[in-house]
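Descriptive analysis of the structure
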Amino acid sequence: TRRLGNLLLVWSGGLAIGTAAAAFSGSETFYRDVAMPSVHRLLDPETAHRLAIWGLARAPSWLLTSTATQAAPQLSIKAFNRDFPHPVGLAAGFDKDAQAVDSLFRLGFSFVEVGSVTPLPQPGNPKPRVFRLSADSAIINRYGFNSCGHEQALVNLRSASASGWVGVNLGANKSSSDPAGDYALGARKFASTADYLVINVSSPNTPGVRDLQRRQKLQNLLAGVLAAADEAVKLDGWKGKRGVGRPPVLLKISPDCSDQELADICAVAESVGADGLIISNTTVSRPSSLSASSDLTGQAGGLSGQPLAVLANRAISSAYRLTGGRMPIIGVGGLCSGADALEKLESGACLLQLYTALVYEGPPVVNRINRELEALLKAKGYRSVADAVGAKHRAEKCSGR
């Protein structure tokens, strides 16, 4: 019995050491085939999400830097008057309350977007509200802007020491009588701290939010947000990482817009003076390609992950064409590989974001995408990421299409 106990001790100790070594070295196969599936078996999606944020907020820097590697020079790109080491950032929705910003940069993200943040704290929609569609590498969520509120998020953000670009995604309270005013409040609150602001009028999980994408409402909302941001930086005398002046204000839009709705959004964004677009948010549609059971696909909420890629890429391409490439686009939705990254870049995005791929593959996914993208750029004769941006449209123009 004693010998058996010793053998078990040695075995478990070796397993623990091997597991730790694999985790610390950022092993892609370990995370994809062992760590993440184990988490999914043991924990429901929201509990896993909460524990991930809790752990990242407390993790020592030496534990996390091992998962990140330095990106190749060919992956660097300039956007919004800032140099990025590579185009892959983290989308809003993961670190909703800005609790783990420094750790997220240590995982290798080029930029991080926190939120959505609402003026007042709110719990969001009833649970359960997050569902994994593992067969499709997808997620359906109906969180509903659960948020700690402006005040606490600002405290958390100011305590971060990250030198990278940090965006704040703004939302409206569910009970608000003036949703447009909530976005202006957010701009006023965060304009002196955030490196960019995002007007999220495309979440499908808060009643009335997507109505704000309609032309006249969007024009009024965007003008109010820009005025509030300008006022805030004048009062605070802000001089941040991007220089003097208000941070860029971007509009995050839905992949479910009609062609006319997208044309109206792009026209308003340009005419009022938005600095860029984020395309896209989650979709309320359910592609026929989904393999998950109907009890999952039938859940209300927004679908993200691989099945969103086609819709998102189509919207990116259309927006690039509508704006003539004048408005920077951050592409998000179904980013899981270097090929996905290149398709978004060629469609017109200059920066990229992911979230769902992190759920299924863990932190090494950032390095893998960058490595694959570097190889694809070289194979297709692009000297840099910037050369690939909008290439699809230049090719179509040359061919007369």
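Look a little higher up for the structure.
So, a few notes on the structure that sits alongside this text. Keep in mind the model is a prediction, meaning the values are calculated, not measured. (Residues numbered from 1 in each chain as written. Predicted model: local features only at pLDDT ≥ 70, side-chain atom pairs only at ≥ 80, totals over all residues. Heavy atoms only, no water.)

1. Examining the overall build of the protein chain
The test is simple: The way it works is that DSSP assigns letters per residue, a run of H or I at least four long becomes a helix, a run of E at least two long becomes a strand, and they are numbered from the N terminus. Here's how the labels work: a residue is buried when its accessible area is under 20% of the maximum for its type, exposed when over 50%, partly exposed in between, all with a 1.4 Å probe on protein chains only. Throughout, a residue-residue contact means that at least one pair of heavy atoms, one from each residue, lies within 4.5 Å. Where accessible areas are quoted, they stem from the Shrake-Rupley method and a 1.4 Å probe; at the residue level, only the protein chains shown are allowed to cover.
On a plain count of helices and strands, the protein chain comes out with 16 helices and 15 strands. Counting the 401 residues in the protein chain, one finds 57% classified as buried. Long-range pairs, those at least 24 residues apart, make up 74% of the contacts in the protein chain with a sequence separation of at least 6. As displayed, the protein chain offers around 17400 Å² of accessible surface, 55% of which is attributable to carbon and sulfur atoms.

2. Things to note about the state of the cysteines
Basically, it comes down to this: For the purposes of this analysis, a disulfide is any pair of cysteine sulfur atoms at a distance within 2.5 Å.
Within this structure, the stated rule accounts for 0 disulfides. There is no disulfide at C257, and the cysteine sulfur nearest it, in C266, is 9.0 Å away. Judged by its relative accessible area of 2%, C266 is buried.

3. Brief notes about the sheet that holds strand 5 (residues 130–133)
Threshold: Should DSSP find at least two bridges between two strands, the strands are taken to pair. Every axis in this analysis is a line fitted to C-alpha atoms, fitted for helices over the stretch in contact. Angles between the N-to-C directions lie between 0 and 180 degrees.
Pairing is antiparallel in the open sheet, where 3 strands are placed in the order 5-6-13. With one partner strand each, in any of the chains shown, strand 5 and strand 13 (302–305) form the two edges of the open sheet. Averaged over all pairs of adjacent strands, the angle between their axes in this sheet comes to 20°, without regard to strand direction. As paired elements, strand 5 and strand 6 (residues 138–141) share 4 bridges and run antiparallel to each other.

4. Examining the environment of D387
Position of D387 relative to the elements: it lies in helix 15 (residues 385–388). The class of D387 is partly exposed, set by a relative accessible area of 23%. Spatially, the C-alpha atoms of D387 and I77 are 9.7 Å apart, while their sequence positions differ by 310 residues. When residues no more than four places from it in sequence are discounted, the contact partners of D387 are Y382 and R394.

5. Points about unusual backbone geometry
In this model, K127 is joined to P128 through a cis peptide bond whose omega is -5°. Turning to its location among the elements, P128 is positioned in the loop between strand 4 (111–117) and strand 5. Residues I279 and S280 are joined by a peptide bond in cis, for which omega reads 15°. With respect to the helices, strands and loops of the structure, S280 is situated in the loop between strand 12 (276–279) and helix 10 (294–297). Backbone geometry places S137, a non-glycine residue, at a positive phi of 50°. Residue placement: S137 occurs in the loop between strand 5 and strand 6. A residue is classified by how much of its surface remains accessible, and S137, at 23% relative accessible area, is partly exposed.

6. What about the nonpolar core?
Rules: Each nonpolar core is a collection of buried residues, namely Ala, Val, Leu, Ile, Met, Phe, Trp, Tyr and Cys, held together in the definition by side-chain atoms within 4.5 Å.
In terms of nonpolar packing, the biggest core is built from 106 residues, with Y183 and F190 touching the most fellow members. For this core, the element with the most residues is helix 8 (residues 215–236), which contributes 9 residues. Leaving out residues up to four positions away in the same chain, F190 has contacts with V117, H150, A153, L154, L157, V168, L170 and L197. With 7 residues, the next largest nonpolar core counts L133, I140, A292 and L303 among its residues.

7. Quick notes on the packing of helix 6 (residues 150–159) against helix 7 (residues 179–190)
Put simply, the rule is: In these notes the angle categories are as follows: under 35 degrees is roughly parallel, over 145 is roughly antiparallel, 65 to 115 is roughly perpendicular, and the rest is oblique. Crossings are assigned a handedness: left-handed for a near helix turned anticlockwise from the far helix by less than a right angle, right-handed for a clockwise turn. Lys, Arg, Asp and Glu make up the charged group, whereas Ala, Val, Leu, Ile, Met, Phe, Trp, Tyr, Cys and Pro make up the nonpolar group; the residues left over, Gly among them, are polar.
As a packed pair, helix 6 and helix 7 sit with axes 11 Å apart at the nearest point and diverge in direction by 30°. Taken together, helix 6 and helix 7 sit at an angle that is classed as roughly parallel. Seen along the crossing, helix 6 lies across helix 7 with a hand that is right-handed. Together, H150, E151, A153, L154 and L157 of helix 6 and D182, L185, G186, K189 and F190 of helix 7 make up the contact between the two elements. When its residues are assigned to classes, the contact of helix 6 with helix 7 shows 5 nonpolar, 2 polar and 3 charged.

8. As for helix 2 (residues 28–42)
The condition that has to hold: Any helix carries an expected span of 1.5 Å times its number of residues minus one.
For helix 2, spanning 15 residues, the distance from its first C-alpha to its last is 20 Å, which sits close to the expected 21 Å at 1.5 Å a residue. Along helix 2, the residues classified as buried are F30, Y31, A35, M36 and H40.

9. A few points about the pairing of strand 8 (residues 196–200)
Note the following rule: By convention, a crossover is right-handed whenever its connection, traced from the first strand over the helix to the second and viewed with the strands pointing away, goes clockwise.
The buried fraction of strand 8 amounts to 5 of the 5 residues, a majority that puts the element mostly inside the structure. Burial along strand 8 is two-sided: the residues Y196, V198 and N200 and L197 and I199 are all buried. After leaving strand 7 (residues 165–170), the chain enters helix 7 and then returns to the sheet as strand 8, a path that is right-handed. By the bridge criterion, 4 bridges tie strand 8 to strand 11 (residues 249–253) in an arrangement that is parallel. Counted as the bridge partner of N200 is K252 from strand 11.

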